[in-house]
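# Topology and contacts: notes
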Amino acid sequence: MESSSSEKSRNSTEGSTEGVTMFSQIRKGLRAVLKLKIVGLYLSTSGKYRLISPEPQHDPSSRLAKRQRVMFPPFTELGFNQLALPLNDPPTLTHVTTAEYISHLGRPIFATRWASGSGDLRDDLLGFALSKLAPDHADITINVLACLAARFAVEFRPRNERQEDIEHGLVENHMRYCIGADSHLRMMTTAPSEPLLAEAAFEYLQYVCHSPAWVLKIVSMNLDTWGIHQGDRGEFVMSLIWMAARDAVVVGRASSLLNRRPWDPSRHSVISIVDFMKKLVPIGFHPELEHMVPSVGDGTDKFLQAFEGCRLWCNHFIQVQDYKVINTRFLCALLSNGVGVLCAPNQTGIDLLWVGLKGDEIREDNLVLILGQAKNDRRYGTETASHILDAMNPIKLDICAGGHSVPIIRMVFALASRNPGVTLVRPPFRSSERKSKRSSFTSYDFWFAGVDPSTFGCVTDQEARRYLELLASSRILYNPPLPVSPLPDYKIMKIPEDLREETAEIGEARVNMRRAANSMRMALEPHFPHTWHDFLFKGKGNKREGEKD
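Below is a short write-up of the structure. (Residues numbered from 1 in each chain as written. Predicted model: local features only at pLDDT ≥ 70, side-chain atom pairs only at ≥ 80, totals over all residues. Heavy atoms only, no water.)

## Here we look at the side chain of Ser103
For clarity, the threshold we go by: Where helices and strands are cited, they refer to DSSP runs of H or I of at least four residues and of E of at least two residues respectively, numbered from the N terminus. Each residue gets one of three labels from its accessible area relative to the maximum for its type: buried under 20%, exposed over 50%, partly exposed in between, using a 1.4 Å probe on protein chains only. Whenever a nitrogen or oxygen atom comes within 3.5 Å of another N or O atom, the pair is scored as a polar contact, on the condition that within protein one atom can donate a hydrogen and the other can accept it, and that pairs from neighbouring residues in sequence are kept only if both atoms are in side chains.
Checked against the element boundaries, Ser103 lands in helix α4 (residues 99–103). A residue is classified by how much of its surface remains accessible, and Ser103, at 0% relative accessible area, is buried. Only 2.8 Å separates the side chain of Ser103 from the backbone oxygen of Glu100, close enough to count as a polar contact. Here His104 takes part through its side chain, which lies 3.2 Å from a polar atom of the side chain of Ser103.

As structure tokens, this is what we get:
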């Protein structure tokens, strides 16, 4: 079989006003050799694939318009995590936070650049990623959107052609990933888990943009223009605040981009959990934080002692689509990618989850779980609601096994509270000397009310106003579900038996490639780098107590 390829196929669609283009002429020529074993392959980085493969009703061929023939939909599946480096045995945080390991995650473009062997190219790999994600020639507001999409699991819900063009532009120029197109040629896109791109997005938002407050202003002014979904309960704002606390720690280590070159992830981007919490909690509460004891469990260690040596490697969020991913076995893999979890819709008890590590070996009983729940409801104010915290039980949610040795952190953000405040939850007062029922986990709990500098140490007055604007639109009223058009039934078309089998095999392969692009969102092998398969799916990983194969 011979093939013919055409790079930048979008250019071939440009032509005269009469509709005669290079592409139309190529199609005409290919029809003349229809019986020969020739395949035409057209490559494009553009999101405007309708120019190449228009919707059937708009195609000049009447046979296509009448559904007598079917065009192959655009192929969008590309390689993902194919060059991931082997893990140490056992896997360690030190290993997965090297620039070499991180550069081999995601698309091959960064791994091949690393493999070139040039010291200068390796030293400026993060700068190269930044230039691909947020080019200097692009509109700064679109660059901000691209960086947000890379870090915060932004979901697009375009409602008009202009919003579709924005989404397509991110695919063409800003490293957003097109995972497929349906039979109506509607593009489906995602921001895969690529920690290198996420760190580049952090650098743009923190070092290139004027200030975090300016970034929030751009976001609040353009939400309707961009056509993105900002959540229903305030989880988008909660993820922004969590990441703002992390970023404040990282920026405190390097005042400029020059101080971060060459990039050393373990030194520049991995932070301690104590430092993270000190940025999140206002400075006036730091003495109380340091001496805080668990509100749940039998532990008596103060906060500083309990989380000494515990570190956090997280620079972006993904939204998981499978509850099974949210348990300690799979969270080991998410930790290695620097991933924070935006939970699946209707997940019970929690909305966000971060994973820290005690020590260096990545194993289930070393994980530090940070659980969060957002409330954009005025019924919740400064008073702690114990039933909300009780619902964030990691044992009942099957996140970890009973007796998890490392303490956890639970937070509730009552973002719509009329009055600001923060409560470091104390253990319940016991009026009786009788022993209470022993808890199967130990937790340090926090209740944050409102969005104000007196609530969060990483929020200024100017930023608080922008967060409140985002919360005002973070309700279902502003984000009704989009209607889903019924897809045409292609089963009525006759397909030769051998082609049907081949199509099924190709279809399965394409689905698996799409799963690879949706990294770590479901508890299936294709969603994880092959280097994690033995650990997660073949019984060689660390099992939780009492767990069977």
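## Considerations on helix α12 (residues 235–253)
In plain terms, the rule: A helix is expected to span 1.5 Å multiplied by its residue count minus one.
Helix length check: α12, at 19 residues, gives a terminal C-alpha distance of 28 Å against a target of 27 Å (1.5 Å per residue), a fit within 8%. Counting buried positions over the 19 residues of α12 gives 15, a clear majority of the element.

## Comments concerning the nonpolar core
Quick reminder of the rule: Only buried Ala, Val, Leu, Ile, Met, Phe, Trp, Tyr and Cys residues count toward a nonpolar core, and they belong to the same one when joined by side-chain atoms within 4.5 Å. We call two residues in contact whenever any of their non-hydrogen atoms come within 4.5 Å of each other.
Membership of the largest hydrophobic core comes to 148 residues, with the highest contact counts inside it found for Val144, Phe276, Met277, Leu280, Met411 and Phe446. Among the elements that make up this core, the one with the highest residue count is α12 (11 residues). Apart from residues no more than four positions distant in its own chain, Phe446 is found in contact with Met277, Val281, Leu289, Met292, Phe303, Ile409, Arg410, Met411, Val412, Thr423, Leu424 and Val425. Formed by five residues, the second largest nonpolar core is a distinct cluster that contains Phe80, Tyr177, Ala516 and Ala517.

## Things to note about the pattern of salt bridges
Under the convention used in this document: One speaks of a salt bridge when a side-chain nitrogen belonging to Lys or Arg is within 4 Å of a carboxyl oxygen belonging to Asp or Glu.
Applying the stated criterion across every chain, the model contains 17 salt bridges. The residue Arg107 makes a salt bridge to Glu194 at a minimum N-O spacing of 2.5 Å. You can see Arg107 sitting in the loop between α4 and α5 (108–115) and its partner Glu194 sitting in the loop between β5 (187–190) and α10 (195–208), a full 87 residues away along the chain. The same class applies to Arg107 as to Glu194, namely buried.

## Focus: empty space enclosed by the protein
Under the convention used in this document: Here the term cavity refers to a set of points on a 1 Å grid, laid over the protein atoms alone, in which a 1.4 Å probe fits but cannot get out; the term pocket refers to an open set having protein on both sides within 12 Å along at least five of seven lines, with lining residues being those that place an atom within 4 Å of a point. Grid points are joined across faces, edges and corners, and a volume is the space filled by probe spheres set on the points. All residues other than Ala, Val, Leu, Ile, Met, Phe, Trp, Tyr, Cys, Pro, Asp, Glu, Lys and Arg, Gly among them, are scored as polar; the first ten of these are nonpolar and the last four charged.
Going through the model one piece at a time under the given rule, you end up with two cavities of 30 Å³ or more. By volume, the largest cavity amounts to about 110 Å³. The wall of the largest cavity is formed by 16 residues, among which Leu133, Ala150, Met175, Arg176 and Ala191 lie closest to the centre. Those elements that provide at least two residues to the lining of the largest cavity are α8 (140–151) and α10. Considering every element that reaches the lining of the largest cavity, the biggest residue donor is α8, with three residues. When grouped by side-chain class, the residues that make up the lining of the largest cavity number 11 nonpolar, two polar and three charged. In this structure, the second largest cavity encloses a volume near 50 Å³. Those elements giving two or more residues to the lining of the second largest cavity turn out to be α6 (119–123) and α7 (125–133). For the lining of the second largest cavity, the class distribution of residues is six nonpolar, no polar and three charged.

## Description of the packing of aromatic side chains
Keep this limit in mind: Classification of ring pairs uses Phe, Tyr and Trp, with its six-membered ring standing for Trp, and accepts pairs whose centres are within 6.5 Å; under 30 degrees between planes counts as stacked, over 60 as edge-to-face, and the remaining range as tilted. Charge over a ring is defined by NZ of Lys or CZ of Arg lying within 6 Å of the ring centre and within 35 degrees of the ring normal.
Summed over all chains, the structure comprises 20 aromatic pairs. Ring plane angle 20 degrees and centroid distance 5.1 Å describe the contact between Phe448 and Phe456, whose orientation is recorded as stacked. On the accessibility criterion, Phe448 (0% relative accessible area) is buried. Arranged with centres 5.0 Å apart and planes meeting at 90 degrees, the rings of Trp532 and Phe535 form a pair that is edge-to-face. The class of Trp532 is buried, set by a relative accessible area of 0%. Taken together, the aromatic side chains of Phe303, Phe307, Phe413, Tyr444, Phe446, Phe448 and Phe456 make up a single cluster linked through ring pairs. Here the basic side chain of Arg113 rests over the ring of Phe128, its NZ or CZ set 3.8 Å away from the ring centre. One Lys or Arg, Arg246, reaches over the ring of Phe202 and ends 5.0 Å from the middle of that ring.

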